[in-house]
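Summary of structural features
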Amino acid sequence: MPDALYSEKIMSHYYHPQHYGLRPEFSVERRFSNPLCGDVITVRLRFIDEKVARVCFEHEGCVISRAAASLLCDAIPGKTKQEVREMAYTHIEGLLGIAVMPGRIKCAMLGLEVIQQMV
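Cut-offs and rules
- Residues numbered from 1 in each chain as written.
- Predicted model: local features only at pLDDT ≥ 70, side-chain atom pairs only at ≥ 80, totals over all residues.
- Heavy atoms only, no water.
- Helix = DSSP H or I, 4+ residues; strand = E, 2+ residues; numbered from the N terminus.
- Buried < 20%, exposed > 50% of the residue type's maximum accessible area, 1.4 Å probe, protein only.
- Core = buried A, V, L, I, M, F, W, Y, C linked by side-chain atoms within 4.5 Å.
- Contact = heavy atoms within 4.5 Å.
- Pairing = 2+ DSSP bridges.
- Expected span 1.5 Å × (residues − 1).
- Bend = angle between axes of the 7 residues up to and from the residue.

At Glu25, a position not held by glycine, the phi torsion is positive, near 60 degrees. Within the element layout of this structure, Glu25 appears in the loop between helix H1 (8-15) and strand E1 (28-34). Taking relative accessible area as the criterion, Glu25 reaches 53% and is therefore assigned exposed. With a phi angle near 65 degrees, Glu50 is a residue other than glycine that sits in the positive phi range. Take Glu50: it is sitting in the loop between strand E2 (39-48) and strand E3 (51-60).

Structure (structure tokens):
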């Protein structure tokens, strides 16, 4: 997809994702994929006192999926497991700053889905 379809913020998180690269000292790891578009993500979380202390990920796939995961990884450190479980699509949409086309919602939600399985 042409870069013109996405905001500067989204493209920045796609090309320079935050918390990218799998780091040691984690509590749980999960690999997850979206078979509809081929996105694959691996996430590691570290918890301290039931809170997310650290998050990191690696990703292969589309712009929306990687940017959403990067923005989410910026947003969840310090949150409790319960707070993460309660996050919804509206949180992701708010982080991205755009309304995602219906066919791309699964892409935008990939990171949150895997993280919610881990908490």
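So that's the structure; there's more coming.
Residues Val43, Leu45, Ile64, Ile76, Ile92, Leu96 and Ile115 are the most contacted members of the largest nonpolar core, which totals 35 residues. Contributing elements (two or more residues each) for this core: H1, E2, E3, helix H2 (63-75), helix H4 (89-96) and helix H5 (105-118). Those residues in contact with Leu45 that sit more than four places away from it in its chain are Phe26, Ser27, Val28, Val52, Arg54, Val55, Ile76, Ile115, Met118 and Val119.

Now for the pairing of E2. Along any regular strand the residues' side chains alternate between the sheet's two faces. Counting buried residues in E2 gives eight out of 10 residues, a clear majority hidden from the surface. Note: E1 against E2, seven bridges, orientation antiparallel. Of the residues in E2, the one forming a bridge with Asn34 is Asp39. Between the antiparallel neighbours E1 and E2 lie four residues, among them Gly38 with a positive phi of about 90 degrees. What sits between the antiparallel neighbours E2 and E3 is a turn of two residues, in which Asp49 has the positive phi angle 50 degrees.

Bringing H5 into the picture now. Taking 1.5 Å of rise per residue, the 14 residues of H5 would be expected to cover 20 Å, and the 20 Å separating its terminal C-alpha atoms lies within 8% of that figure. Gly111 marks where H5 bends most, by close to 35 degrees. Listing the buried residues of H5 in full gives Cys107, Ala108, Met109, Leu110, Gly111, Leu112, Val114, Ile115 and Met118. For H5, the secondary structure elements touched by its buried residues are E1, E2, H2, helix H3 (81-85) and H4.

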